[in-house]
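# Notes for the structure review
Single-letter residue listing:
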Amino acid sequence: MTKKFKIPKKYRNKVRFTVRLMAFALVFFFLANMAPNFYLMKRLTAQIVADFTGETVIDDMSGIYITRKNNTAIPLMIVTDCTAWKEIFVFLSLFLAWPKKTPLSGKKKKIRAIESLIVLILYNLIRLFILVIFPGSFDYFHPTFKYLTIVIILYLWLWSIGLTKKNKLAYALGLKERKKPKKKKKIKTKAKKKKRKK
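The structure contained in this document is the topic of the report that follows. This is a predicted model, so every value here is computed, not measured.

## Let's talk about the side chain of Ser93
Among the secondary structure elements, Ser93 is positioned in helix H3 (residues 85-97). A residue is classified by how much of its surface remains accessible, and Ser93, at 6% relative accessible area, is buried. Within polar-contact distance, the side chain of Ser93 engages the backbone oxygen of Phe89 at 2.8 Å. Apart from residues lying up to four places away in sequence, Ser93 is in contact with Leu21 and Phe24.

## Re a positive patch on the surface
The grouping of Lys6, Lys9, Arg12, Arg16 and Arg20 at the surface amounts to a positive patch. Take Arg20: it is sitting in helix H1 (residues 9-34). Classification of Arg20 as partly exposed rests on a relative accessible area of 37%.

## Some thoughts on the packing of aromatic side chains
Inspection of the entire model under this criterion finds 12 aromatic pairs. Between Phe17 and Trp157 the ring centres are 5.9 Å apart and the planes differ by 5 degrees, which places this aromatic pair in the stacked class. Pair noted here: Phe17 is in helix H1 and Trp157 is in helix H5 (residues 138-160), with a separation of 140 residues, a long-range link. Across this residue pair, the class does not change: Phe17 and Trp157 are buried.

## As for the nonpolar core
In this structure, Ala46, Val49, Ile66, Leu76, Ile78, Leu128 and Val132 are the most contacted members of the largest nonpolar core, which totals 15 residues. Elements represented by at least two residues in this core include exactly helix H2 (39-53), strand E2 (63-67), strand E3 (76-78) and helix H4 (106-133). Considering every element that reaches this core, the biggest residue donor is H4, with 6 residues. In contact with Ala46, not counting residues within four places along its chain, are Val57, Ile64, Ile66 and Ile78. With 14 residues, the next largest nonpolar core counts Phe91, Ala97, Trp98 and Leu156 among its residues.

## Let's talk about a nonpolar patch on the surface
A cluster of nonpolar residues, Ile114, Ile118, Leu122 and Ile126, forms a patch on the protein surface that exposes about 370 Å² of accessible area. Here Leu122 lies in helix H4. According to the relative accessible area criterion, Leu122 is partly exposed, its value standing at 46%.

## With respect to the side chain of Thr83
Summarising the element assignment, Thr83 is placed in the loop between E3 and H3. Residue Thr83 is classed as buried on the basis of its relative accessible area of 7%. From its side chain, Thr83 meets the backbone oxygen of Thr80 in a polar contact 2.5 Å long. With residues near it in sequence (within four places) discarded, Thr83 still touches Phe38, Met41, Lys42, Thr45 and Asn124.

## Details of the pattern of salt bridges
Tallied over the entire structure, the rule returns 2 salt bridges. Here Asp59 and Arg43 are joined by a salt bridge, their closest N and O atoms 3.2 Å apart. Highlighted residues: Asp59 in strand E1 (residues 56-60) and Arg43 in helix H2, separated in sequence by 16 residues. Accessibility expressed as a relative area gives 33% for Asp59, which makes it partly exposed. Look at Arg43 and you get partly exposed, because its relative accessible area is 25%. Here Asp81 makes a salt bridge to Lys86, at a shortest N to O gap of 3.4 Å. With a relative accessible area of 38%, Asp81 lands in the partly exposed category.

Conventions we followed
- Residues numbered from 1 in each chain as written.
- Predicted model: local features only at pLDDT ≥ 70, side-chain atom pairs only at ≥ 80, totals over all residues.
- Heavy atoms only, no water.
- Helix = DSSP H or I, 4+ residues; strand = E, 2+ residues; numbered from the N terminus.
- Buried < 20%, exposed > 50% of the residue type's maximum accessible area, 1.4 Å probe, protein only.
- Polar contact = N/O pair within 3.5 Å; in protein donor to acceptor, adjacent residues only side chain to side chain.
- Contact = heavy atoms within 4.5 Å.
- Patch = residues over 30% accessible without salt bridge, like charges linked within 9 Å, V, L, I, M, F, W, Y side chains within 5 Å.
- Areas by Shrake-Rupley, 256 points an atom, 1.4 Å probe, with all protein chains shown as cover.
- Salt bridge = Lys/Arg side-chain N within 4 Å of Asp/Glu carboxyl O.
- Lys, Arg positive; Asp, Glu negative; His and termini not counted.
- Charge placed at Lys NZ, Arg CZ, Asp CG, Glu CD.
- Phe/Tyr/Trp six-rings, centres within 6.5 Å; stacked < 30°, edge-to-face > 60°.
- Core = buried A, V, L, I, M, F, W, Y, C linked by side-chain atoms within 4.5 Å.

As structure tokens, then:
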């Protein structure tokens, strides 16, 4: 007889989360290696940034660029990563992989997830606005945005599942265990004892 391997209850959710996240990671690397073009998304992103910054879009065989009307600065090339598809994919992977029940109801979670996606898209556009307005600062701002993006994604994920408070997050990750409330012992008073005797 072979014994079935069972994962202890306190580790089941952690294992589920890890397995689901790894599955999403494989899909992500597969998509990234395919080098998707996302032409329409790139064109739309470039047009929005150009309209808000008062610049022009150049779309030719070499790619899509945002350039100054007077051609005084080096044009900013809009590549696939500028469409924020990676940020959106990572956020959705974290959101969908989380196995535990959260303090938020199903509707609130969905609303917060949609709001988080909007925030990520707006953040991406603001990032591009800054790079277009200050073209000489690309080497400084671009690496900074990478770290900032990680922080924003993690915060939006925790916020969307209702775990932004330290204690809630610690309990959810299994770093702290909830203390079971102690049962209060009933103290029998002399008056109650007398009533019972009567």
